[in-house]
Amino acid sequence: MPIFRIGSDLGFFAHVPKCAGSSIETYLAERFGPLAFVDRAFREQSGPQRWTKSSPQHLPVSALERLFPPGFFACSFAVVRDPVDRLRSAFQVQRDVIGRIPRKTSFGAWLTTVEDAHASKPWYLDNHARPMDDLVPEEAVIFRLEDGLEPVVAWLDAQAGNADGPRQIGTQNTRADIFASRTQDLPPRPPVRKADRVAVARIFARDYARFGYDPEKEN
């Protein structure tokens with residue numbers, strides 16, 4: 001949940017993992033100055049040394065409401081993504097880049113782990129597999145990643161009352177970039193079976209209902 005200054009006010013970005021969050025954080029910092037409640041070195045600390053169960057940028061709404069009083073932020077926004085695309089992206093990064101998922105694990109098999117984690121270990125993988133509905137407050141303005149990030153820039157212009165700063169949100173931390181920097185071939189995208197789509201629709205039913213995505217859509 002990065003906090004940024006926008007004029008004399010404070011804004012809040014509900015960072016949903018695997019929805020261009022790091023790119024948006026970089027844009028916000030370039031345009032408005034240093035962000036608060038962000039820790040990109042979270043994974044470098046061992047579990048017992050961490051002060052929270054997730055990085056602060058992935059704060060769930062339940063914790064947000066305990067820590068910040070109503071009306072504390074002048075504005076808030078979030079970027080969301082089709083649940084299947086988001087989950088597949090999280091799976092690829094956690095398996096192929098970070099290594100927290102065994103390399104031979106299939107996407108379908110991993111979904112079983114995700115469903116179990118929602119009940120017993122909701123902070124699993126720093127909230128990368130947590131429902132978006134858990135991470136986005138009701139008052140946040142919602143943007144869809146599929147629509148591009150230009151509308152985010154236009155909305156920030158309106159909040160700031162100016163069109164200063166960068167005009168485009170760049171990309172960073174992509175899987176392709178990471179493997180290119182390692183001079184390694186990019187692993188193929190994992191296949192998503194019909195049964196996997198049915199499982200995602202069931203496990204993430206709240207996300208489909210709230211954000212208007214179609215569970216029947218082919219990704």
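The rules behind each value
- Residues numbered from 1 in each chain as written.
- Predicted model: local features only at pLDDT ≥ 70, side-chain atom pairs only at ≥ 80, totals over all residues.
- Heavy atoms only, no water.
- Buried < 20%, exposed > 50% of the residue type's maximum accessible area, 1.4 Å probe, protein only.
- Helix = DSSP H or I, 4+ residues; strand = E, 2+ residues; numbered from the N terminus.
- Contact = heavy atoms within 4.5 Å.
- Salt bridge = Lys/Arg side-chain N within 4 Å of Asp/Glu carboxyl O.
- Core = buried A, V, L, I, M, F, W, Y, C linked by side-chain atoms within 4.5 Å.
- Axes fitted to C-alpha atoms, helices over the stretch in contact; angles between N-to-C directions.
- Left-handed = near helix turned anticlockwise from the far one by under 90°.
- Nonpolar A, V, L, I, M, F, W, Y, C, P; charged D, E, K, R; others polar.
- Pairing = 2+ DSSP bridges.

(A) Representation of helix 5 (residues 150–160) within the structure. Looking only at helix 5, the buried set comprises Val152, Val153, Trp155, Leu156 and Asp157. Turning to helix 5, the residues buried within the fold contact strand 1 (3–6), helix 1 (21–32), strand 3 (75–80) and strand 4 (141–144). Positive phi appears at Gly161, one or two residues downstream of helix 5, with a value of about 75°.

(B) Summary view of the pattern of salt bridges. Tallying each qualifying case throughout the model produces 10 salt bridges. Residue Asp134 is joined to Arg206 by a salt bridge in which the shortest nitrogen-to-oxygen separation is 2.9 Å. Of this pair, Asp134 sits in the loop between helix 4 (107–120) and strand 4 while Arg206 sits in helix 8 (residues 205–211), and the two are 72 residues apart along the sequence. The partner of Asp157 in a salt bridge is Arg167, and the shortest N-O contact between them spans 2.9 Å.

(C) Broad picture of the side chain of Asp157. Secondary-structure assignment places Asp157 in helix 5. On the basis of relative accessibility, which here comes to 15%, the residue Asp157 falls in the buried class.

(D) The arrangement of unusual backbone geometry in detail. With a phi close to 60°, Phe37 is a non-glycine residue in the positive phi region. Here Phe37 shows up in the loop between helix 1 and helix 2 (61–67). One non-glycine residue, Leu125, adopts positive backbone phi at about 55°. Since its relative accessible area comes to 9%, Leu125 is described here as buried.

(E) View of the nonpolar core. Ranked by internal contacts, the top residues of the largest apolar core, which has 55 residues, are Phe4, Phe77, Trp110 and Leu156. Residues within four places of Trp110 in sequence aside, it is in contact with Leu87, Ala90, Phe91, Ile101, Thr105, Tyr124, Leu125 and Ala129.

(F) Fine view of the packing of helix 1 against helix 5. Contact geometry of helix 1 with helix 5 gives a least axis separation of 13 Å together with a crossing angle of 30°. You can see that helix 1 and helix 5 cross each other, and the crossing is right-handed. Of the residues in helix 5, those in contact with Tyr27, Leu28, Arg31 and Phe32 of helix 1 are Val153, Leu156, Asp157 and Ala160. Grouping the amino acids of the contact of helix 1 with helix 5 by side-chain chemistry returns six nonpolar, no polar and two charged.

(G) Spotlight on the sheet that holds strand 2 (residues 9–14). Strand order in this open sheet of four strands is 1-2-3-4, and the pairing throughout is mixed. If you trace the sheet from one side to the other, it starts and ends with strand 1 and strand 4, each paired once. For this sheet, the mean inter-axis angle between neighbouring strands, taken without regard to orientation, is 25°. Inspection of the sheet shows strand 1 paired to strand 2 by four bridges, in the antiparallel sense. When the sheet's bridge partners are listed, Ile6 is paired in strand 2 with Asp9.

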